[in-house]
Amino acid sequence: MADKRNERPAHPLAQRRPQQGKRPLPPGEQFFTPGATGLRKEVERRSAAPLVFLFQLPRWIAPVALVVLLLVGFAVPSFWGGLAVLPVLGFVGWLAYMSWPSLGVRGRLLRVVLITFLILLAADRFGAF
């Protein structure tokens, strides 16, 4: 069995290619959730390229962009503040969905609370309250 595993070619996204100035992908064979079907399988398949792209960016870009957008959402009490919160909500929701199978109860609860907070913040900025 181990011999067949070594003979089987790696998934194209798991193959390492030398790239100048970019971080190599982390080691591991499992890029997708084992046994995933339906919507999860499709979302993971479509998310593979954006995740690799985000991994190749400098580590500080995504957090800084999200913090700036969230600060704009807090500071601007109008429609524009709500628009600034929407990309943060989408990104956090996407990452929460992607990591959901590997989380424990506390991790899932934290993500639900964070997404609820962002939804309420956006709703407030759009004038729902």
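Since the model is a prediction, treat every value here as computed from it, not as a measurement.

Peer 1: Requested: an account of the environment of Leu 89, with residues and values cited.
Peer 2: Relative to the assigned elements, Leu 89 resides in helix H4 (residues 79-99). Residue classification places Leu 89 among the buried positions, given a relative accessible area of 17%. A sequence separation of 32 residues divides Leu 89 from Leu 121, and the C-alpha atoms of the two residues are 9.8 Å apart. Not counting residues up to four positions away in its chain, the partners in contact with Leu 89 are Ile 115, Leu 118 and Ile 119.

Peer 1: How would you summarise the pattern of salt bridges if you had to cite specific residues and measurements?
Peer 2: For the structure on display, the rule yields 4 salt bridges. With a shortest N-O distance of 2.7 Å, Glu 42 and Arg 45 are connected by a salt bridge. Pair noted here: Glu 42 and Arg 45 are both in helix H2 (residues 38-56), with a separation of 3 residues, about one helical turn. Of the charged contacts in the structure, one is a salt bridge between Arg 125 and Asp 124, with a shortest N-O distance of 2.7 Å. By sharing partners, the salt bridges in this structure join Glu 42, Arg 45 and Arg 46 into a single network.

Peer 1: Go over a nonpolar patch on the surface, please, and point to the residues and values.
Peer 2: There is a patch of nonpolar side chains on the surface, built from Trp 60, Ile 61, Val 64, Val 68 and Val 72 and spanning about 430 Å² of accessible area. Along the chain, Ile 61 turns up in helix H3 (residues 61-75).

Peer 1: Which residues make up H2, and what are the values?
Peer 2: For an α-helix, the turn length of 3.6 residues means that residues three or four places apart are oriented alike. Between its first and last C-alpha, H2 extends 28 Å over 19 residues, near the 27 Å set by a 1.5 Å rise per residue. Its maximal kink placed at Ser 47, H2 deviates by approximately 40 degrees, while the proline Pro 50 follows within four residues. Here H2 has its buried residues at Arg 40, Glu 44, Ser 47, Ala 48, Val 52 and Gln 56. On its buried side, H2 packs onto H4.

Procedures and definitions
Residues numbered from 1 in each chain as written. Predicted model: local features only at pLDDT ≥ 70, side-chain atom pairs only at ≥ 80, totals over all residues. Heavy atoms only, no water. Helix = DSSP H or I, 4+ residues; strand = E, 2+ residues; numbered from the N terminus. Buried < 20%, exposed > 50% of the residue type's maximum accessible area, 1.4 Å probe, protein only. Contact = heavy atoms within 4.5 Å. Salt bridge = Lys/Arg side-chain N within 4 Å of Asp/Glu carboxyl O. Patch = residues over 30% accessible without salt bridge, like charges linked within 9 Å, V, L, I, M, F, W, Y side chains within 5 Å. Areas by Shrake-Rupley, 256 points an atom, 1.4 Å probe, with all protein chains shown as cover. Expected span 1.5 Å × (residues − 1). Bend = angle between axes of the 7 residues up to and from the residue.

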